[in-house]
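Report on the structure
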Amino acid sequence: MASEAGPSGGYLDILRAPHAARLLAGTLVGRLPNGTGPVAIVLFARSEGGSYSLAGGLAAAYGLANAVGQPLLGRLVDLKGQPRVQLPAAVVSALGMVLLAVAGIDPLALAYAAVVVAGLFTPPLEGGLRALWPGVLGSEDRVHRAYALDAVAQEVMFTVGPLLVTLLVALHSPAAALLVINALGVLGALSVVLSEPSRAWRSAPREAHWLGALRSPGLLALLGSFLFVGIALGSITVAAVSYADDHGDESVYGWLIAALGLGALVGGVLYGARRWAGAPERRLRVIVGLLALGYAPLLLTPGVVAMTALSALAGVFLAPALACGFIVVDRHAPRGTVTEAFSWLVTTFGVGAALGTAAAGPAVELNGTGAGYGVAVAAGFAALLVLVATGRVLTAPGRSVRHAGHDGHAVKTADFPPSAENDRNAAVEPGFSSGHQA
């Protein structure tokens, strides 16, 4: 897995591109309701007198509805365009949270209906942004750096988002937190869909098929691997709580999770600062292998300082794995399904995290904290095994294609399959020549 120094400018080169900073910022703000939803729902339900079981049930219903809605809305984006789907979905999702904040948890059926609506209609802004990058940035190298920047920005959002909810609760109330966060989400989605790239973007014509993006064997292999990556991450969350309990200090949990996020942040920044040679499918196997190895020292469960350092180490390869996974999704998504394909990755990762949480709980109860971390280690190596076992279907057809660059001229890139070529040619900046533009 050879590498060389990336072009001068790095991330600043990405953010200086027309529309790029706006799209990234708008997407992150628009995704705040998704990133903070479970925390905000739990805090609200508890403030209304609900039990932890009820609060957890509402948060789980929201997460399940979100997992179902993302690929369905992603398919609609590919068919209808971004503005016609993203903004209405954001408004409906926000109204679901408004209903919860106003009606409370009684009647219970209405509360569940509210969170299901909010989760189901969460707009697929994450997949939509990745569909826009090729047209906005032009060259393959810049798109790959943007994927890494996207993964890093996610870590920042999932760290800052819950802190923002906590601050709003402290300043006013959990209901106010729900309302403010979702109002910000609508504003973020509005900023994205009013941008020129979002309004001009059109997916390539697609073959009618009920499986949509899931008819790609390569994409299915990738999703299978990232299901286990999600399981590993979900189990670490539970194991960290158990570790904090073992040491009699709840704040230890915060330190461990913050260290995990910091490691991912550093790893993503370093990964995106390099230009990597070779096929991303092979590179992904190496990164996921290193990710699994990084989880293994957590089994030692040493003292708090050492455990915090090991948690940071365990996070280093998470953002690079996601960034490289985004590239592989782009290469294997069938023609006209790019947003749906990215949304499936979001869903699979989320479902995996939920399964990891469910699996780690009994493991901890039966055999202690180490067993919880053992679930993460086993899942990490299972993710690697899936990639190794499906190596043939993950090998993308090698061919060079040409797509519109940032300056409007053709730019030659290598190793994009025909499906990715069509979506890349469709996702160009306004003013570029494209047969699929509005």
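Scroll up for the structure.
Quantities reported herein were computed from a predicted structural model and do not represent experimental measurements.

How each quantity is defined
Counting from 1, residues in each chain are numbered in the order their sequence is written. Residues qualify for local features only when their pLDDT is at least 70, as the model is predicted, and side-chain atom pairs are given and counted only at 80 or more; totals for whole chains, interfaces and linings, by contrast, use all residues. Each side-chain value is worked out from all heavy atoms of the structure, with water and hydrogens disregarded. In this description, a line fitted to the C-alpha atoms serves as the axis of each element, helices being fitted only across the stretch in contact, and the angle between N-to-C directions of two axes falls anywhere from 0 to 180 degrees. Helix numbers and strand numbers start at the N terminus; a helix is a DSSP run of H or I with at least 4 residues, a strand a run of E with at least 2. Each angle receives one of four descriptions, namely roughly parallel if under 35 degrees, roughly antiparallel if over 145, roughly perpendicular if within 65 to 115, and oblique otherwise. Crossings are sorted by hand: turned counterclockwise from the far helix by less than a right angle, the near helix makes the crossing left-handed, and turned clockwise it makes it right-handed. Note on contacts: a residue pair qualifies if any of its non-hydrogen atoms lie within 4.5 Å across the two residues. In this classification, the charged set is Asp, Glu, Lys and Arg, the nonpolar set is Ala, Val, Leu, Ile, Met, Phe, Trp, Tyr, Cys and Pro, and all remaining amino acids, among them Gly, are polar. Classification of ring pairs rests on two measures: the distance between centres of Phe, Tyr or Trp rings, Trp counted by its six-membered ring, which must be within 6.5 Å, and the angle between planes, read as stacked under 30 degrees, edge-to-face over 60 and tilted in between. The criterion is that NZ of a Lys, or CZ of an Arg, lies within 6 Å of the ring centre and within 35 degrees of the ring normal, and then a charge sits over that ring. Every helix has an expected span of 1.5 Å times one less than the residues it contains.

Moving on, we come to the packing of helix α5 (residues 83–103) against helix α6 (residues 108–120). The geometry of α5 relative to α6 is characterised by a closest axis approach of 7 Å and an angle of 155° between their N-to-C directions. Judged by the inter-axis angle, α5 sits roughly antiparallel to α6. The handedness of the crossing between α5 and α6 comes out as left-handed. The segment α5 lies against α6, with V92, S93, G96, M97, L99, L100 and A103 engaging L110, A111, A114, V115, V117 and A118. Its residues assigned to classes, the contact of α5 with α6 shows 11 nonpolar, two polar and no charged.

Moving on to the packing of aromatic side chains. The tally for this structure, following the rule as stated, stands at four aromatic pairs. With a centroid separation of 5.4 Å and an interplanar angle of 20°, the aromatic rings of Y271 and W276 are classed as stacked. A connected cluster of aromatic rings, assembled from ring pairs, spans Y147, F326 and F342. In this structure, R130 is placed above the aromatic ring of F326, and the distance from its NZ or CZ to the ring centre is 3.6 Å.

Between its first and last C-alpha atoms helix α16 (residues 338–367) spans 43 Å; for 30 residues at 1.5 Å apiece the expected length is 44 Å, and the two agree. G368, located one to two residues past α16, shows a positive phi value of around 90°.

Two numbers describe how helix α3 (residues 32–47) lies on helix α9 (residues 174–193): the axes approach to 9 Å, and their chain directions differ by 165°. Comparing their axes, α9 and α3 come out roughly antiparallel. For the pair α3 and α9, the sense of crossing is left-handed. Of the residues in α9, those touching α3 at L32, P33, T36, A40, L43, F44 and S47 are P174, A175, L178, I181, N182, L184 and G185.

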